[in-house]
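# Breakdown of the fold
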Amino acid sequence: MDIGSQTDINTLRTPAYTEPTEDDVLALQEAVAEAADAMAWQISVRARDHRAADGEAPDRVVLSGDYQLALLYSLRQAAAAVERRAAAAARTAGHQGAGYPLIGTAWGITRQSARAKWPDAVPSRAHLPQPPVTVQHAGGTAAVLHQKGTDRWMFTTVAADGTQHTSAPDYPTSAAATEDAKATLADHRAAEEAE
């Protein structure tokens, strides 16, 4: 298998990931904690004042309430970054074919919660390309077509008498477009059928 091909990139694999080991999870959590600690150390007024006065801040600075507030602020920024990345990952996965059940499982929530959290992650069926519907009626043929990127439908016909017709994309459903396509075909039956 060509693991670098475009086709492979656009094909959703099942399973999408393997469960990480406990060490993997701890390493990720430690990296996030270290990043938040580093930011808190930089933005803490107490730590900054110590560094300005004598070039370094004592380790006990981290025990102060104001330093802990700086750490809390840093953790909030880390959480916001995680939420932004999660929303982008959910949207990308959804647009590549993952549904809300898989997205929810990856985040550790139900599909309903995933849909509520990221309502735009999975495109609605109306905006996905829909296959054309072919209709044979009154000796003619119609193709009922979905308008890409919209929730509208249209039809084209070639009637039994040779008349061709293309509708505007004004139909909210394929069924509505099909009914009008049949009526158009019935209006243009072959001469011997009309008698």
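The structure we're discussing is the one just above.
Figured I'd write up the structure that's included with this text. None of the values given here were measured: they were computed from a predicted structure. (Residues numbered from 1 in each chain as written. Predicted model: local features only at pLDDT ≥ 70, side-chain atom pairs only at ≥ 80, totals over all residues. Heavy atoms only, no water.)

Here the focus is helix H4 (residues 65–95). Residues spaced three or four apart along an α-helix point in a common direction, a consequence of the helix completing one turn every 3.6 residues. Taking 1.5 Å as the rise per residue, H4 with 31 residues should run 45 Å; its terminal C-alpha atoms sit 45 Å apart, in good agreement. All of the buried residues along H4 are Tyr67, Ala70, Leu71, Ser74, Ala86, Ala87, Ala90 and Gly94. Following H4 by one or two positions, Gly97 has its phi on the positive side, about 115 degrees. (Helix = DSSP H or I, 4+ residues; strand = E, 2+ residues; numbered from the N terminus. Expected span 1.5 Å × (residues − 1). Buried < 20%, exposed > 50% of the residue type's maximum accessible area, 1.4 Å probe, protein only.)

What follows is about the pattern of salt bridges. Inspection of the entire model under this criterion finds 3 salt bridges. Taking the shortest distance from any N to any O, the salt bridge between Asp66 and Arg46 comes out at 2.6 Å. With Asp66 in helix H4 and Arg46 in helix H3 (residues 45–54), the pair connects residues that are 20 residues apart, well separated along the chain. Given the relative accessible area of 37%, Arg46 is considered partly exposed. A salt bridge links Arg91 to Asp120; its shortest N-O distance comes to 3.7 Å. (Salt bridge = Lys/Arg side-chain N within 4 Å of Asp/Glu carboxyl O.)

Taking strand neighbours across the sheet as the criterion, the 4 strands line up as S1-S2-S3-S4 in an open arrangement whose pairing is antiparallel. Each edge of the sheet is formed by a strand with only one pairing partner; in this case those strands are strand S1 (133–137) and strand S4 (164–166). Neighbouring strand axes in the sheet, compared pairwise and without regard to direction, differ in orientation by 15 degrees on average. Looking at chain direction, strand S3 (residues 153–158) and S4 are connected through 3 bridges and run antiparallel. (Pairing = 2+ DSSP bridges. Axes fitted to C-alpha atoms, helices over the stretch in contact; angles between N-to-C directions.)

This paragraph deals with the pairing of strand S2 (residues 140–146). A one-sided burial pattern is seen for S2, the buried positions being Gly140, Ala142, Val144 and His146 and the unburied ones Thr141, Ala143 and Leu145. For S1 and S2, the ladder comprises 5 bridges, and the chain directions are antiparallel. Residue pairing across strands places Val133 opposite Val144, the latter belonging to S2. Remark: 2 residues form the turn of the hairpin made by S1 and S2, two consecutive strands paired antiparallel; Ala138 in that turn has positive phi of roughly 50 degrees. Pairing of S2 with S3, which is carried by 6 bridges, proceeds in the antiparallel orientation. Residue pairing across strands places Val144 opposite Phe155, the latter belonging to S3. Between S2 and S3, which pair antiparallel and follow one another directly, the connecting turn spans 6 residues, one of which, Gly149, has a positive phi of 80 degrees.

It is worth spelling out the environment of Gly55 at this point. Looking at where Gly55 falls in the secondary structure, it is placed in the loop between H3 and H4. Taking relative accessible area as the criterion, Gly55 reaches 56% and is therefore assigned exposed. Expressed as a C-alpha distance, the spacing of Gly55 and Thr163, which sit 108 residues apart in the sequence, is 89 Å.

Peptide bonds are mostly trans, and most non-glycine residues show a negative phi. Cis geometry marks the peptide bond from Thr14 to Pro15; its omega dihedral reads 0 degrees. With respect to the secondary-structure elements, Pro15 resides in the loop between helix H1 (6–9) and helix H2 (22–43). Of note in this structure, Ala138 is not a glycine but carries a positive phi near 50 degrees.

Everything listed is a geometric property; what it means functionally is a separate question.
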